[in-house]
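Each chain is listed here by its residues.
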Amino acid sequence: MAHPRVLDRAELPVDTVQLARFLIGKMLVRMLAEGVAGGRIVETEGYDIGDPAGHAYRGMTPRNRALFLERGHAYVYLAYGSSFMLNVSSEMSGVGAGVLIRAIEPTDGIGIMERNRGTERVRDLARGPGRLSAALGIDRRLDGIDLCRAGPLWLGSDGQASDEIGQSKRIGITRAADRLLRFYVRGNWFVSGPQALNG
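Since this is a predicted model, take the numbers as computed values, not measurements.

1. Considerations on the environment of Thr 61
Item 1. For Thr 61, the position within the fold is in the loop between strand 3 (35-47) and strand 4 (74-79).
Item 2. Along the sequence, Thr 61 and Gly 156 sit 95 residues apart, while their C-alpha atoms lie 29 Å from each other.

2. Quick word on unusual backbone geometry
Item 1. You will see that Glu 91, though not glycine, has its phi angle at about 65°, which is positive.
Item 2. The residue Glu 91 is located in the loop between strand 5 (83-89) and strand 6 (98-108) in this model.
Item 3. The exposure class of Glu 91 is buried, given its relative accessible area of 9%.
Item 4. A positive phi angle, close to 50°, is found at Ala 176, a residue other than glycine.
Item 5. As for its placement among the helices and strands, Ala 176 is situated in the loop between strand 8 (165-168) and strand 9 (182-185).

3. Re the pairing of strand 2 (residues 27-32)
Item 1. Here strand 2 runs beside strand 3; their pairing, made up of six bridges, is antiparallel. What sits directly across from Met 31, in strand 3, is Val 36.
Item 2. Once strand 2 ends, the chain turns through two residues before running back antiparallel as strand 3.
Item 3. Across four bridges, strand 2 lies against strand 7 (residues 153-157) in antiparallel orientation. Bridging from a neighbouring strand, Met 27 pairs with Gly 156 of strand 7.

4. Considerations on the side chain of Arg 102
Item 1. Note on placement: Arg 102 falls in strand 6.
Item 2. Arg 102 sits in the buried class, given a relative accessible area of 8%.
Item 3. Sequence-distant contacts of Arg 102, that is, excluding residues within four places in its chain, are made with Glu 43, Thr 44, Glu 45, Ala 126, Arg 127, Gly 128, Pro 129, Leu 132, Ile 171 and Ser 192.

5. Observations concerning the side chain of Asp 158
Item 1. Here Asp 158 lies in the loop between strand 7 and strand 8.
Item 2. Looking at Asp 158, its side chain comes within polar contact range of the side chain of Arg 40, at 2.7 Å.
Item 3. Reaching out from Asp 158, the side chain makes a polar contact with the backbone nitrogen of Gln 160 at a distance of 3.1 Å.

6. Quick look at the packing of aromatic side chains
Item 1. Scanning all chains against the criterion turns up two aromatic pairs.
Item 2. Centre to centre, the rings of Trp 189 and Phe 190 are 5.6 Å apart; their planes meet at 85°, and the pair counts as edge-to-face.
Item 3. The exposure class of Phe 190 is buried, given its relative accessible area of 11%.
Item 4. Over the ring of Phe 22 we find Lys 26, and its NZ or CZ is 4.0 Å from the ring centre.
Item 5. Its end group placed over the ring of Tyr 47, Arg 170 keeps NZ or CZ at 4.4 Å from the ring centre.

7. With respect to the pattern of salt bridges
If charged atoms from side chains of opposite charge come close, those side chains can pair.
Item 1. In the structure shown here, the tally under the stated rule is 17 salt bridges.
Item 2. For Glu 70, the salt bridge goes to Arg 9, with nearest N and O atoms at 3.7 Å. Separated by 61 residues along the polypeptide, Glu 70 in the loop between strand 3 and strand 4 and Arg 9 in the loop between strand 1 (5-6) and helix 1 (16-22) bring together distant segments of the chain.
Item 3. Owing to a relative accessible area of 36%, Glu 70 belongs among the partly exposed residues under this scheme.
Item 4. With its nearest N and O atoms 3.7 Å apart, the salt bridge here joins Arg 140 to Asp 143.
Item 5. Taking the relative accessible area as the measure of exposure, Asp 143 reaches 15% and is therefore buried.

What counts and how
Residues numbered from 1 in each chain as written. Predicted model: local features only at pLDDT ≥ 70, side-chain atom pairs only at ≥ 80, totals over all residues. Heavy atoms only, no water. Helix = DSSP H or I, 4+ residues; strand = E, 2+ residues; numbered from the N terminus. Buried < 20%, exposed > 50% of the residue type's maximum accessible area, 1.4 Å probe, protein only. Pairing = 2+ DSSP bridges. Contact = heavy atoms within 4.5 Å. Polar contact = N/O pair within 3.5 Å; in protein donor to acceptor, adjacent residues only side chain to side chain. Phe/Tyr/Trp six-rings, centres within 6.5 Å; stacked < 30°, edge-to-face > 60°. Lys NZ or Arg CZ within 6 Å of the ring centre and 35° of its normal. Salt bridge = Lys/Arg side-chain N within 4 Å of Asp/Glu carboxyl O.

Rendered as C-alpha coordinates:
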(Lines give C-alpha, C1' and ligand atoms only; values in the text may rest on other atoms or scores of the structure.)
Protein backbone atom coordinates (compact mmCIF):
# COMPACT_ATOMS: atom_id res chain seq x y z
CA MET A 1 0.00 0.00 0.00
CA ALA A 2 1.13 3.58 -0.55
CA HIS A 3 2.69 4.85 2.65
CA PRO A 4 -0.08 6.69 4.47
CA ARG A 5 0.64 9.97 6.18
CA VAL A 6 -0.57 10.61 9.71
CA LEU A 7 -3.81 12.57 9.78
CA ASP A 8 -3.49 16.04 11.26
CA ARG A 9 -6.01 16.83 14.00
CA ALA A 10 -7.03 19.97 12.09
CA GLU A 11 -8.33 17.70 9.29
CA LEU A 12 -10.71 15.87 11.60
CA PRO A 13 -14.24 17.29 11.72
CA VAL A 14 -15.17 18.31 15.27
CA ASP A 15 -18.76 17.09 14.84
CA THR A 16 -19.17 13.41 15.76
CA VAL A 17 -21.42 12.45 12.85
CA GLN A 18 -19.22 14.25 10.34
CA LEU A 19 -16.15 12.53 11.83
CA ALA A 20 -17.81 9.10 11.57
CA ARG A 21 -18.33 9.71 7.84
CA PHE A 22 -14.90 11.32 7.34
CA LEU A 23 -13.07 8.29 8.76
CA ILE A 24 -14.50 5.97 6.08
CA GLY A 25 -11.66 5.27 3.65
CA LYS A 26 -8.93 6.46 6.03
CA MET A 27 -6.20 4.11 7.26
CA LEU A 28 -5.79 2.58 10.71
CA VAL A 29 -2.14 1.70 11.32
CA ARG A 30 -0.83 -0.48 14.17
CA MET A 31 2.90 -0.70 14.92
CA LEU A 32 3.74 -4.02 16.59
CA ALA A 33 6.99 -5.75 17.50
CA GLU A 34 6.44 -8.14 14.55
CA GLY A 35 5.80 -5.31 12.09
CA VAL A 36 3.09 -3.03 10.77
CA ALA A 37 -0.54 -4.15 10.54
CA GLY A 38 -3.66 -2.30 9.54
CA GLY A 39 -6.04 -1.41 6.80
CA ARG A 40 -8.68 0.87 5.37
CA ILE A 41 -11.59 1.83 7.62
CA VAL A 42 -14.78 0.61 5.93
CA GLU A 43 -17.34 0.92 8.75
CA THR A 44 -17.92 3.32 11.67
CA GLU A 45 -20.67 4.34 14.09
CA GLY A 46 -21.11 7.75 15.70
CA TYR A 47 -22.07 8.20 19.35
CA ASP A 48 -22.70 11.93 19.58
CA ILE A 49 -23.26 14.43 22.40
CA GLY A 50 -26.02 13.36 24.78
CA ASP A 51 -26.47 10.00 23.02
CA PRO A 52 -28.17 7.56 25.44
CA ALA A 53 -26.36 4.69 23.70
CA GLY A 54 -22.95 6.33 24.21
CA HIS A 55 -20.52 5.71 27.05
CA ALA A 56 -20.33 9.43 27.87
CA TYR A 57 -24.06 9.71 28.56
CA ARG A 58 -23.77 9.73 32.36
CA GLY A 59 -20.69 11.92 32.48
CA MET A 60 -16.96 11.38 32.86
CA THR A 61 -15.62 8.43 34.85
CA PRO A 62 -12.09 7.04 35.19
CA ARG A 63 -13.03 4.40 32.61
CA ASN A 64 -14.42 6.68 29.89
CA ARG A 65 -12.11 9.67 30.44
CA ALA A 66 -10.53 9.27 26.97
CA LEU A 67 -13.90 10.00 25.34
CA PHE A 68 -13.66 13.51 26.76
CA LEU A 69 -10.23 14.23 25.24
CA GLU A 70 -9.84 16.46 22.20
CA ARG A 71 -10.89 14.76 18.96
CA GLY A 72 -8.51 12.15 17.58
CA HIS A 73 -7.66 10.16 20.73
CA ALA A 74 -8.27 6.46 21.30
CA TYR A 75 -10.96 5.32 23.72
CA VAL A 76 -10.62 1.55 24.23
CA TYR A 77 -13.07 -0.39 26.37
CA LEU A 78 -13.86 -4.02 27.10
CA ALA A 79 -17.31 -5.10 25.88
CA TYR A 80 -19.15 -8.15 27.22
CA GLY A 81 -16.07 -9.02 29.27
CA SER A 82 -14.27 -10.41 26.24
CA SER A 83 -13.79 -8.02 23.30
CA PHE A 84 -11.99 -4.70 23.17
CA MET A 85 -13.58 -1.91 21.13
CA LEU A 86 -11.69 0.99 19.55
CA ASN A 87 -13.29 4.42 19.45
CA VAL A 88 -11.97 7.77 18.26
CA SER A 89 -12.84 10.70 20.53
CA SER A 90 -14.73 13.53 18.83
CA GLU A 91 -15.93 17.06 19.59
CA MET A 92 -13.94 19.52 21.75
CA SER A 93 -11.89 18.70 24.82
CA GLY A 94 -14.20 18.13 27.80
CA VAL A 95 -17.15 16.99 25.65
CA GLY A 96 -17.82 13.26 25.72
CA ALA A 97 -18.54 11.72 22.32
CA GLY A 98 -16.86 9.37 19.89
CA VAL A 99 -16.81 7.17 16.83
CA LEU A 100 -16.64 3.37 17.04
CA ILE A 101 -14.39 1.81 14.40
CA ARG A 102 -16.43 -1.25 13.36
CA ALA A 103 -14.37 -2.76 10.52
CA ILE A 104 -11.28 -2.38 8.37
CA GLU A 105 -10.28 -3.90 5.07
CA PRO A 106 -6.88 -5.46 5.88
CA THR A 107 -4.05 -4.12 3.70
CA ASP A 108 -0.88 -4.56 5.78
CA GLY A 109 0.44 -7.24 8.10
CA ILE A 110 -2.20 -9.79 7.16
CA GLY A 111 0.00 -12.61 8.51
CA ILE A 112 0.26 -10.80 11.86
CA MET A 113 -3.53 -10.38 12.00
CA GLU A 114 -4.07 -14.05 11.09
CA ARG A 115 -1.83 -15.13 13.99
CA ASN A 116 -3.51 -12.73 16.42
CA ARG A 117 -6.97 -13.97 15.41
CA GLY A 118 -6.08 -17.65 14.92
CA THR A 119 -7.73 -17.74 11.50
CA GLU A 120 -6.69 -17.43 7.87
CA ARG A 121 -10.08 -16.17 6.70
CA VAL A 122 -8.98 -12.72 5.57
CA ARG A 123 -12.56 -11.52 5.27
CA ASP A 124 -13.16 -12.22 8.96
CA LEU A 125 -9.90 -10.84 10.38
CA ALA A 126 -11.25 -7.37 11.23
CA ARG A 127 -14.93 -7.48 10.25
CA GLY A 128 -16.60 -6.30 13.44
CA PRO A 129 -15.15 -4.17 16.26
CA GLY A 130 -14.08 -7.03 18.55
CA ARG A 131 -12.33 -8.91 15.76
CA LEU A 132 -10.64 -5.70 14.61
CA SER A 133 -9.13 -5.07 18.05
CA ALA A 134 -8.03 -8.70 18.41
CA ALA A 135 -6.41 -8.68 14.96
CA LEU A 136 -4.47 -5.51 15.72
CA GLY A 137 -3.63 -6.31 19.35
CA ILE A 138 -5.61 -3.33 20.66
CA ASP A 139 -6.40 -3.32 24.38
CA ARG A 140 -6.75 -0.90 27.31
CA ARG A 141 -3.02 -0.11 27.19
CA LEU A 142 -3.80 2.04 24.13
CA ASP A 143 -6.64 3.90 25.85
CA GLY A 144 -6.11 7.65 25.62
CA ILE A 145 -3.28 7.67 23.05
CA ASP A 146 -3.15 10.36 20.40
CA LEU A 147 -4.14 8.86 17.03
CA CYS A 148 -2.91 11.98 15.21
CA ARG A 149 0.71 11.19 15.99
CA ALA A 150 2.94 8.37 14.71
CA GLY A 151 3.11 5.81 17.49
CA PRO A 152 1.73 2.38 18.37
CA LEU A 153 -1.64 3.16 16.74
CA TRP A 154 -2.54 6.01 14.43
CA LEU A 155 -4.94 7.27 11.79
CA GLY A 156 -3.64 7.95 8.31
CA SER A 157 -4.53 8.81 4.76
CA ASP A 158 -3.05 7.46 1.54
CA GLY A 159 -4.94 10.01 -0.54
CA GLN A 160 -7.48 7.53 -1.89
CA ALA A 161 -11.11 8.60 -1.76
CA SER A 162 -13.53 6.02 -0.44
CA ASP A 163 -16.15 4.47 -2.67
CA GLU A 164 -19.83 5.18 -2.22
CA ILE A 165 -20.65 5.61 1.46
CA GLY A 166 -23.85 4.11 2.83
CA GLN A 167 -25.65 5.13 6.01
CA SER A 168 -27.85 3.01 8.28
CA LYS A 169 -29.02 2.38 11.83
CA ARG A 170 -26.38 1.28 14.31
CA ILE A 171 -25.96 -2.41 15.05
CA GLY A 172 -26.68 -4.25 18.30
CA ILE A 173 -27.95 -1.38 20.43
CA THR A 174 -31.34 -0.80 22.03
CA ARG A 175 -31.20 2.86 23.07
CA ALA A 176 -31.52 5.46 20.29
CA ALA A 177 -31.50 2.49 17.94
CA ASP A 178 -33.29 4.16 15.04
CA ARG A 179 -30.73 6.90 14.41
CA LEU A 180 -28.81 6.66 11.13
CA LEU A 181 -25.33 6.97 12.62
CA ARG A 182 -23.57 4.00 11.00
CA PHE A 183 -21.46 4.66 7.92
CA TYR A 184 -19.92 2.05 5.64
CA VAL A 185 -18.49 1.46 2.16
CA ARG A 186 -21.35 0.11 0.06
CA GLY A 187 -20.79 -3.40 -1.25
CA ASN A 188 -17.49 -3.82 0.61
CA TRP A 189 -16.74 -7.44 1.52
CA PHE A 190 -15.17 -6.46 4.86
CA VAL A 191 -18.13 -4.57 6.33
CA SER A 192 -19.80 -6.29 9.33
CA GLY A 193 -23.44 -6.70 10.22
CA PRO A 194 -26.50 -8.00 8.41
CA GLN A 195 -26.24 -8.04 4.61
CA ALA A 196 -29.56 -6.17 4.41
CA LEU A 197 -27.89 -3.13 5.97
CA ASN A 198 -24.86 -3.16 3.68
CA GLY A 199 -26.40 -2.53 0.24
